[in-house]
Amino acid sequence: MTLPHGPLRPGPGEPQARALPDPAAVDPAVLATLLARHGWVRRGGPSARYGRWTPPDGTDPGTSLIVPAGDGFDDAVDLLADAVTALSRSASPSARAILLALAVPGDELQWRRDLAGPPGSAPATVPWDDTERLQRAARAMLAAGAKAGRTRAAYFGARLDSWAGDFLDRVLVVSGGPGLTAYTPAPEGRAAVTTLVRALEALRDAVDYRRVSGGAEAFENAVQSGVSRELVESVEELVRGATASRLTVAWSAAAGTPGGFGDRRIALEFSPGDLPALAEAAELLERIEPAVAVTVVGVVVRLKRADPAGPGSVRLRVLGGAEVDEVKVRLPDPAYRLAAEAHLAGTPVKVSGRLERRGGFRRLTRPTGLEPCGLEEAERERLLKTLGDG
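Residues numbered from 1 in each chain as written. Predicted model: local features only at pLDDT ≥ 70, side-chain atom pairs only at ≥ 80, totals over all residues. Heavy atoms only, no water.

(A) Looking closely at the layout of surface pockets. Here the largest pocket is characterised by a volume of approximately 690 Å³. In terms of lining, the largest pocket is formed by 27 residues, of which the most central are H38, A97, E108, Q110 and T181. When residues of the lining of the largest pocket are assigned to their parent elements, the largest contribution, 5 residues, is made by helix α3 (residues 93-103). In terms of residue class, the lining of the largest pocket is built from 12 nonpolar, 9 polar and 6 charged. (1 Å grid on protein atoms, 1.4 Å probe; cavity = no way out; pocket = protein on both sides within 12 Å on 5 of 7 lines; lining within 4 Å. Points joined across faces, edges and corners; volume = space filled by probe spheres on them. Helix = DSSP H or I, 4+ residues; strand = E, 2+ residues; numbered from the N terminus. Nonpolar A, V, L, I, M, F, W, Y, C, P; charged D, E, K, R; others polar.)

(B) Fine view of the packing of helix α8 (residues 229-239) against helix α9 (residues 275-288). Across the interface, α8 lies against α9 with an axial gap of 9 Å and an inter-helix angle of 155°. With respect to their mutual orientation, α8 and α9 come out roughly antiparallel. You can see that α8 and α9 cross each other, and the crossing is left-handed. For the pair α8 and α9, the contacting residues are R229, V232, E233, V235, E236 and V239 in the first and L275, L278, A279, A281, A282, L285 and E286 in the second. Across the contact of α8 with α9, the residue classes break down as 9 nonpolar, no polar and 4 charged. (Axes fitted to C-alpha atoms, helices over the stretch in contact; angles between N-to-C directions. Parallel < 35°, antiparallel > 145°, perpendicular 65-115°, else oblique. Left-handed = near helix turned anticlockwise from the far one by under 90°. Contact = heavy atoms within 4.5 Å.)

(C) Structural context of the pairing of strand β9 (residues 292-304). As paired elements, β9 and strand β12 (residues 349-356) share 7 bridges and run antiparallel to each other. In the sheet register, V297 faces β12, and the bridge partner there is K350. The sheet contact formed by β9 and strand β10 (residues 312-320) spans 7 bridges and is antiparallel. Within the sheet, the bridge partner assigned to V297 lies in β10 and is G320. (Pairing = 2+ DSSP bridges.)

(D) Expanded view of the confidence of the model for the chain. Confidence in the prediction of the chain, expressed as mean pLDDT, is 85, and 86% of residues score 70 or more. Ranking the helices and strands of the chain by mean pLDDT puts α8 first, with 97, and helix α11 (residues 377-389) last, with 59. (pLDDT = per-residue confidence, 0-100.)

(E) Structural view of the sheet that holds β9. Spatial strand order, β9-β10-β11-β13-β12: 5 strands in a closed barrel with mixed pairing. Adjacent strand axes in the sheet meet at a mean angle of 50° when their direction is disregarded. On the sheet, helix α10 (residues 333-345) packs against β9, β10, β11 (326-331), β12 and β13 (363-372) and is oriented at approximately 65° with respect to β9.

(F) Spatial organisation of the sheet that holds strand β2 (residues 50-54). Sheet architecture is open: 3 strands sit in the order β1-β2-β3, paired in antiparallel fashion. Of all strands in the sheet, those with a lone pairing partner are β1 (41-42) and β3 (65-68), marking the two edges. Pairing analysis gives 2 bridges linking β1 to β2, with the strands arranged antiparallel. Among the inter-strand pairings, R42 is bridged to a residue of β2, identified as W53.

(G) Structural view of the pattern of salt bridges. A full pass over the atoms with the stated rule returns 25 salt bridges. Its salt-bridge partner being E201, residue R264 comes within 2.7 Å of it at the nearest N-O pair. Here E201 lies in helix α6 (residues 190-213) and R264 lies in the loop between β7 (244-250) and β8 (266-270), a separation of 63 residues in the sequence. For R264, a relative accessible area of 40% puts it in the partly exposed group. With a shortest N-O distance of 3.9 Å, E326 and R315 are connected by a salt bridge. Residue E326 is found in strand β11, and its partner R315 is found in strand β10; the two are separated by 11 residues along the sequence. Salt bridges sharing common partners tie together R112, D114, R246 and E269. (Salt bridge = Lys/Arg side-chain N within 4 Å of Asp/Glu carboxyl O. Buried < 20%, exposed > 50% of the residue type's maximum accessible area, 1.4 Å probe, protein only.)

This is the structure in C-alpha cells:
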C-alpha cells in the first residue's frame, strides 16, 4: 500500500520500519525512472517486454531486477513484486531511496554538508551536533518555501507559521550519513518546492552580485522570487561550520516535472565565503519589511499588569485579521478592563493596531477601538474546539 507522509523528523519515518510498497500500485515506468536516476544499469532483455537492471558500480553483484515495460503483461505484478522484494534485500545504498520514492510519492530534496577533513575523504561518522544543524536548516528552508509559496514577504516572522507547520507535517525526512533527504507531497505540495527552488536560485544570483559589485539591491529585488529573511537564515545555518553545502532536487517520477523547469538538473551550492553577504541580506530584509495595519479578532488567553489601576499586557489567540497565531497587546486601563471582562465571559474581542516586525510580528502596537464581539453558536463551538486543541 502507499505509505502516508510522516512528520519532519527521523525515526518512525525510516523505510525499513515501514511496509513495502504494494507491487500492484507500482508503475513500471516510475520504477525504471527511479532506477536510472540512481545509477542502476539496464542490461539486455527484450525492450518491448522487460528490462534487467543491476546496481551501479557493482555495489551489490548478487542483485538483479526484472522490470516490465508496462503493467499490461500478465506477469507484471509478479515481476514487480520480485523487484520490490529484491530492493528490500539489496545492499546497494540507493535501494533504500528507491523504495522510499515508490512508497511515498513526492519530490525528493537532498541536503548535504561537506565537513573539514583530508581532501577526498568523508568522515566515518557525522557528529551529532552537525546532524542537528542539518535538520534545523532543512526544516527552516522548507518552512520558508511554504510561506513564500503562499505570499511574498521580505520577513515573515510568526506570520503563516500554521500554514508552514501543516506543510511540514506532510513531509517525510530521512537522515543518512552526511546528508538528509526530504520527500515532499507532489503535486499538492509543489508550490512550496518550486518557490523554494526559484528563491534559492535568486538568492544565489544576489549573493554573487553582492560579492562582485558590492551592491545589496539585488537582495531586495529577489523578494519577488520568494527570498525572505527566514530563507537566508536557513542557508546561513546550512553553510556555517561546513566547507561547502548543497541542495539537490529530483522531481517526483510519478507527478512529472513541473512547468518551467524542463529537464535541467536542480543543484544549488553555497559556501562559507557567502556568509558575509548572507548576514547583510538577513539584516536588510528584516529592515525593509513594513509594519502592517490590522484589525484582529481574538480570544484573550492571558492578562498581566503590575498596577491594579494602570495599563497592562494582554495576549490574544488570533481568530482572524492577521496570519499569526497569537499577538501581545499593551492596553491602557479602560481597554484592559474590557479585555478582562471579555476573558471572564469567554467572549472574543476586536482591536485595531499595527502588527510590528520587531519580535516577529507578534506584537500589536497603537491599539484602538477594543470592543467585545459576539459569536454565533456554531462559531462559539469552533472556538472552544480550537482552544482545546491549542
